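Next come the chains, spelled out residue by residue.
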Amino acid sequence: MSPRVRSLLATLLLVLCILLLLWRHELIARHPAGIALQGVAVLLMGWARITFGMRSFNASATPTEGGLVTNGPYRYWRHPIYAAILLFLWAGVLSQGHAPTTVALLLAAGATLMTAVRIHAEETLLRTTFSGYDAYASRTKR
């Protein structure tokens, strides 16, 4: 299966996991620490989106024109948008004011796995598109 198709399927499943958590009322944090972490996630997402610009979302992970972005939060993390999504998701699941349900943990784990699939597919495409990606990846945390 091509990286683009893997990425698209992973994105669809990731969104499904998030929507199910939202529907089950297990995504939005209820504890102050979780709320604070979700706030940090929203700020990180905003910073990454502003840095990346209008081309920051592509469901098939196809690299867009404009070159490799290595400033802003991309100076520290290769995938700050995915990091923000996972921080928001896990802060919510773990901050419900009670032990997380098995279903919530499975959905969060599924979302995490789909994020990893998407990251792998995206990095495969970035390596073939941008000659400087390997150097960037060697100095920046995933």
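All of the points below concern the structure found in this document. Residues take numbers from 1 onward in each chain, read along the sequence in its written order. At least 70 in pLDDT is required for a residue's local features to be given in this predicted model, at least 80 for side-chain atom pairs to be given and counted, and no such filter applies to totals for whole chains, interfaces and linings, which use all residues. Side-chain metrics rest on all non-hydrogen atoms present in the structure, leaving aside hydrogens and water.

**Here we look at helix α3 (residues 80–93)**
Worth spelling out the cut-off: Here a helix means four or more residues in a row that DSSP labels H or I, a strand means two or more in a row labelled E, and each is numbered from the N terminus. What a helix is expected to span follows from its residue count: subtract one and scale by 1.5 Å. Residue exposure (1.4 Å probe, protein chains only): buried if accessible area is under 20% of the type maximum, exposed if over 50%, otherwise partly exposed. In what follows, a contact means two residues having at least one pair of non-hydrogen atoms within 4.5 Å.
Counted at 1.5 Å a residue, the expected span for α3 with its 14 residues is 20 Å, and the 20 Å between its end C-alpha atoms agrees. Burial in α3 covers these residues: P80, I81, Y82, A84, L89, A91, G92 and V93. On its buried side, α3 packs onto α1 (3–23), α2 (32–52) and α4 (102–129).

**Description of the packing of aromatic side chains**
Where we set the bar: Under the pairing criterion, centres of Phe, Tyr and Trp rings, with the six-membered ring standing for Trp, must be within 6.5 Å; the plane angle then separates stacked pairs below 30 degrees from edge-to-face pairs above 60, leaving the rest tilted.
Inspection of the entire model under this criterion finds 3 aromatic pairs. Ring plane angle 45 degrees and centroid distance 5.5 Å describe the contact between F52 and Y74, whose orientation is recorded as tilted. Residue F52 is found in helix α2, and its partner Y74 is found in the loop between α2 and α3; the two are separated by 22 residues along the sequence. The exposure class assigned to F52 is partly exposed, which follows from its relative accessible area of 21%. By relative accessible area, which is 6% here, Y74 ends up buried. Measuring from ring centre to ring centre gives 6.2 Å for Y76 and W77, while their planes differ by 70 degrees; the resulting arrangement is edge-to-face. Judged by its relative accessible area of 45%, Y76 falls in the partly exposed class.

**Some points on the nonpolar core**
Quick note on the threshold: Here, the term nonpolar core denotes a set of buried Ala, Val, Leu, Ile, Met, Phe, Trp, Tyr and Cys residues that are joined through side-chain atoms within 4.5 Å.
In terms of nonpolar packing, the biggest core is built from 12 residues, these being A10, L14, C17, L21, L27, L89, V93, A104, L107, A108, A111 and M114. Of all the secondary structure elements, the ones that give two or more residues to this core are α1, α3 and α4. Non-local contacts of A104, meaning those with residues more than four positions away in its chain, are made with L21, E26 and V93. Counting 9 residues, the second largest nonpolar core, distinct from the first, contains I81, L126, Y136 and A137.

**Brief notes about the environment of L105**
Position of L105 relative to the elements: it lies in helix α4. On the basis of relative accessibility, which here comes to 33%, the residue L105 falls in the partly exposed class. Residues L105 and W90, spaced 15 residues apart in sequence, show a C-alpha to C-alpha distance of 8.8 Å. If sequence neighbours within four positions are ignored, L105 has contacts with W90, V93, L94 and P100.

**A few points about the pattern of salt bridges**
Stated formally: Each reported salt bridge corresponds to a side-chain nitrogen of Lys or Arg within 4 Å of a carboxyl oxygen of Asp or Glu.
Applying the stated criterion to the full structure yields 4 salt bridges. As a salt-bridge pair, E26 and R24 come within 2.6 Å of each other at their nearest N and O atoms. By relative accessible area, which is 33% here, R24 ends up partly exposed. Two residues, R127 and D134, come together in a salt bridge whose shortest N-O distance is 2.6 Å. Residue class for R127 comes out partly exposed when judged on its relative accessible area of 37%.

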